[in-house]
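Chain and residue survey
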Amino acid sequence: ATPFSFMTSLSVTGASQAAAARRWLLLASAVLLLAVAFRLVALDQVPPGLAQDEVLDADIALFIRQGERALFFRHGYGHEPLYHYLAAPFGMLYGDNLLAARLPSVYLGLLLVAATLHWARRNYGRIAALVAGAGLALSWWPVIFSRIGIRPILMPLLLVAAAGCWPLRCHELTRRGLLSAALAGAWLGLSLYSYTAARVAPLIPLGLLVVATARALLERRRGRSESARAARAQAVYALVVLVVCLLFYAPLGLTLRANPELQQRLAQLGGPLDALRAGDPVPVARSTLATLGVFSFTGDPRWTYTLPNRPLFDPLMALLFYAGLALALWRWHRPVYALLPVWLFVALLPSALSPDAPSTVRLVGALPVVYILPGLAVNG
């Protein structure tokens, strides 16, 4: 090959990459614009009026502006504080009205779409990212929780931030990787300040720690020293994420331990677990089966924030979801794929272990991974 042909090849490659980048920017912008429309159009009319939970959350933001400070608010049977501190300035900007009550969730919902697009593109490809972004932008479940002024929508955003910082592609221990893992742990720890269902979040790095350790032992038995070393590095990163997450949670955890009366809501939702402790596994089994079926067979029975008794996916999307889950399980030895089933399993627990399952509000931490999985199936 002549120098001229080599330079021509580089020019063609650069041009094709630039064209691909422009296509991605155009498509991602279209997804975000659709997300904006589905969250802002008729925001003052749909849903009609403020729900009781929206009024309560708006009141807590008002109390903060009036000088109340807490690591855990006792209002409404107990509330984690982060969403309310983020929402407090909106009342100062817009007044105490419906717009100020709902806009924090709108912005957090839009950030969730944008963050998922960025994270998914980097780890799973552009097609998977666009499918996930479109699902989050247009589907009822993420849209309704982005249009009502309550705190759950903050949880999946913080989980995506943690996943985005997690050095899942690093094959060896590096200082940069350790710093990234610590940052992932910080985001994961902050998620525990967002919503009660996030109490299960530390199980995500714990699960990946178990997976990485098992893989390291398996690879060492097979004599693959390099793969075993990469798995050990991932185990260390998962441990760092877990430790930093728990350190961030410590102030809230100690507060709740010193004041157990703050957690009235947990006591209200403990029915199946209480029955299990008493030796009756039926309530937990029933709620677990209902939760597992939420993607294609069962639906949330409540009408407040959902379409009652309707599965999350239609038959085609359900098939893509299950195919994507199977693909992630098949590729479990790659940490970026192992994360997905572990994350999904952990995020299902708050619904599976509580009454009136399935509960879309308690499943909200699963939002990003639920819409990534169909994208995996499409991307192949």
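Above this text is the structure in question.
Residues numbered from 1 in each chain as written. Predicted model: local features only at pLDDT ≥ 70, side-chain atom pairs only at ≥ 80, totals over all residues. Heavy atoms only, no water.

Here we look at helix H13 (residues 282-292)
Test applied: Burial classes: relative accessible area under 20% of the type maximum marks a residue as buried, over 50% as exposed, and values in between as partly exposed (1.4 Å probe, protein chains only). Each helix corresponds to a stretch of at least 4 residues labelled H or I by DSSP, and each strand to a stretch of at least 2 residues labelled E; elements are numbered beginning at the N terminus. Working note: the arc is built from the helix axis to C-beta atom directions.
Every buried residue belonging to H13 is among Pro 283, Val 284, Ser 287, Ala 290 and Thr 291, and all of these are buried. Along the long axis of H13, the arc covered by the buried residues comes to 130°, so they all point the same way. Among the exposed residues of H13, those pointing more than 90 degrees away from its buried face are Arg 286 and Leu 289.

Digging into the side chain of Asp 300
Put simply, the rule reads: In what follows, a contact means two residues having at least one pair of non-hydrogen atoms within 4.5 Å.
In this structure, Asp 300 sits in the loop between H13 and helix H14 (315-330). Ignoring anything within four residues of it in the chain, the contact list for Asp 300 reads Thr 306, Leu 307, Pro 308, Asn 309, Pro 358, Ser 359 and Thr 360.

What about helix H10 (residues 225-258)?
Given 3.6 residues to a turn, an α-helix orients residues that are three or four positions apart in the same direction. Which entries qualify depends on this criterion: The span you would expect from a helix comes to 1.5 Å times its residue count less one. What the bend at a residue measures is the angle between two axes, fitted to the seven residues ending there and to the seven starting there.
The terminal C-alpha atoms of H10 lie 48 Å apart, and with 34 residues this matches the ideal 50 Å at 1.5 Å per residue to within 8%. Of all the bends in H10, the greatest, near 50°, is centred on Ala 250, and the proline Pro 251 appears no more than four residues after it.

Some points on the pattern of salt bridges
Between side chains of opposite charge, pairing is possible as soon as their charged atoms come close. So the rule is basically this: By salt bridge we mean one thing: a side-chain nitrogen of Lys or Arg within 4 Å of a carboxyl oxygen of Asp or Glu.
What the rule picks out here adds up to 7 salt bridges. Between Glu 54 and Arg 102 there is a salt bridge, with the nearest N and O atoms lying 2.8 Å from each other. A residue pair is termed long-range when its members are at least 10 positions apart, and Glu 54 in helix H2 (residues 52-65) and Arg 102 in helix H4 (residues 98-124) qualify at 48 residues. A single burial state applies to Glu 54 and to Arg 102, both of which are buried. Residue Glu 80 is joined to Arg 151 by a salt bridge in which the shortest nitrogen-to-oxygen separation is 3.2 Å. Taken together, the residues Glu 80 in the loop between H2 and helix H3 (82-94) and Arg 151 in the loop between helix H6 (140-147) and helix H7 (154-165) connect sequence positions 71 residues apart. A single burial state applies to Glu 80 and to Arg 151, both of which are buried.

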